[in-house]
Amino acid sequence: MSVLMWIAAGSLAAWLWLLLGQGFFWRTDVRLPRTGPPEPSGPPEAAVWPSVAVVVPARDESAVLPASLPSLLAQDYPGPAEIFLVDDGSSDGTGKLARELADEYGGLPLTVASPGEPGPGWTGKLWAVRHGMALASHRPATDAENGGVDYLLLTDADIAHEPDSLRELVRAAEANGLDLVSQMARLRVATYWERLIVPAFVYFFAQLYPFRWVNRPGARTAAAAGGCVLLRREAAERAGVPETIRRSVIDDVALARTVKRSGGRIWLGLADRVDSVRPYPRLGQLWQMVARSAYTQLRHNPLLLLLTVAGLAVVYLVPPVAVAAGALTGRPAPLAAGVAAWALMAGSYIPMLRYYRQTLWLAPLLPLTAFLYLLMTVDSAVRHHLGAGAAWKGRTYARPSATP
């Protein structure tokens, strides 16, 4: 048996294992659990709903706020809720625009505050989250008896919510005894590069952190999607967040790990009514989004980088190479193995393309997308070793930590 045949067979075996043994990561049916009690009966004033503080860290977000903040202000939530937008040193008038939008749309009360420059050892986003949580804990209108709110909704400034989003998040947490409920917001897919890159971003994330494993109480796998995280206040205090994860660049995964390790129950799934409004029309913007934290995810470990590159090559690049080589050399065995592996790969990608309402003709292009992600990961490592670190919103973190 030729070397090419061995490699092609290895790729096919890898795909068979991924499809059956990696938590069925390719399925897109993990959605917000809706089991639980019906709507509270009686007049609204008689219903008892937990109090919620919505914390929105924002840095130079004036371009997306008009499409996202009004959706938070318009939340149809029966209990006490308040929004805390933390303006993290913006230079584009983010805070002023937020106040203007609140005056125009009304709805939930909005407080805009600024935490100043991050303290030593803090990433900017978590510094802003810390400030928002501190403000919420001292707000008597929310839940003075317990010394703070019942829940914190941590949501990014580019995330738009349907009017019942907060209500459904709280219902899911209360009905299922969850300490952290996170939804992977549906990202914008409009341009060619977004169609090629964005659905695969969520597909690869689910492959790395299978949602079914995340949601299993006894499993070690933990992850969250930072754009939409409902966190029980008691769980946050028990886990010591955000202080325990203050250095984390991949803060959502670090948050989920810390909450789960402290005994909390977490849940992660795809969103139906929570959307990102941030555009990434050009390849360079998408490249920056991935490269800023890819090497952090690998713990800045050269060996893990080498294994990741090799794994991506065997799993995603070998099938089309085996097909081409087998066809050109007239070898049916590697050709058949390559076709089978490529077909399994493309088939596993179809559910995610359907979730994003994209043409299924993108499925056979997954090897090309994977190759781009491989290059982004290598670029992330090169930047780190050149001292560039993880750069985002005008800040550079030379040695971030992916785990608390």
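Identification of the protein as Hopene-associated glycosyltransferase HpnB from Streptomyces demainii is taken from an unreviewed UniProt entry.

### Quick word on the side chain of Ser165
Here Ser165 lies in helix H6 (residues 165-176). If near-sequence neighbours (up to four positions away) are discounted, Ser165 is found in contact with Gln75 and Val274.

### Topic: a nonpolar patch on the surface
Residues Val3, Trp6 and Ile7 make up a contiguous nonpolar surface patch of about 350 Å² in total accessible area. When you line up the elements, Ile7 lands in helix H1 (residues 3-21).

### Things to note about the nonpolar core
The biggest cluster of nonpolar side chains holds 113 residues, and the ones touching the most others in it are Trp15, Val52, Tyr203, Leu230, Leu255 and Tyr316. The dominant element in this core, judged by the number of residues it contributes, is helix H7 (residues 192-208), at nine residues. Among all residues touching Leu230, those that are not within four sequence positions of it are Tyr151, Leu152, Leu153, Leu166, Leu169, Val170, Ala173, Asp179, Leu180 and Val181.

### Some thoughts on helix H3 (residues 94-105)
In a regular helix each residue adds 1.5 Å, so twelve residues correspond to 16 Å; H3 covers 16 Å between its end C-alpha atoms and thus fits that length. Along H3, the positions that sit buried rather than exposed are Thr94, Gly95, Leu97, Ala98, Leu101 and Ala102. Each buried residue of H3 lies within a common arc of 160 degrees when the element is viewed along its axis, so the set occupies one face. Those residues of H3 that are exposed and aimed more than 90 degrees away from the buried face are Lys96, Asp103 and Glu104. Where H3 is buried, its residues contact strand S1 (52-58), helix H2 (65-73), strand S2 (81-87) and strand S3 (110-113). Following H3 by one or two positions, Gly106 adopts a phi angle in the positive range, close to 70 degrees.

### Structural notes on the environment of Asn215
Secondary-structure assignment places Asn215 in the loop between helix H8 (211-214) and strand S7 (228-232). When its relative accessible area of 17% is taken as the criterion, Asn215 is described as buried. Between the C-alpha atoms of Asn215 and Lys125, which are 90 residues apart in sequence, the distance is 25 Å. When residues no more than four places from it in sequence are discounted, the contact partners of Asn215 are Val30, Ile266, Trp267 and Leu268.

Criteria and cut-off values
Residues numbered from 1 in each chain as written. Predicted model: local features only at pLDDT ≥ 70, side-chain atom pairs only at ≥ 80, totals over all residues. Heavy atoms only, no water. Helix = DSSP H or I, 4+ residues; strand = E, 2+ residues; numbered from the N terminus. Contact = heavy atoms within 4.5 Å. Patch = residues over 30% accessible without salt bridge, like charges linked within 9 Å, V, L, I, M, F, W, Y side chains within 5 Å. Areas by Shrake-Rupley, 256 points an atom, 1.4 Å probe, with all protein chains shown as cover. Salt bridge = Lys/Arg side-chain N within 4 Å of Asp/Glu carboxyl O. Core = buried A, V, L, I, M, F, W, Y, C linked by side-chain atoms within 4.5 Å. Buried < 20%, exposed > 50% of the residue type's maximum accessible area, 1.4 Å probe, protein only. Expected span 1.5 Å × (residues − 1). Arc of directions from axis to C-beta.

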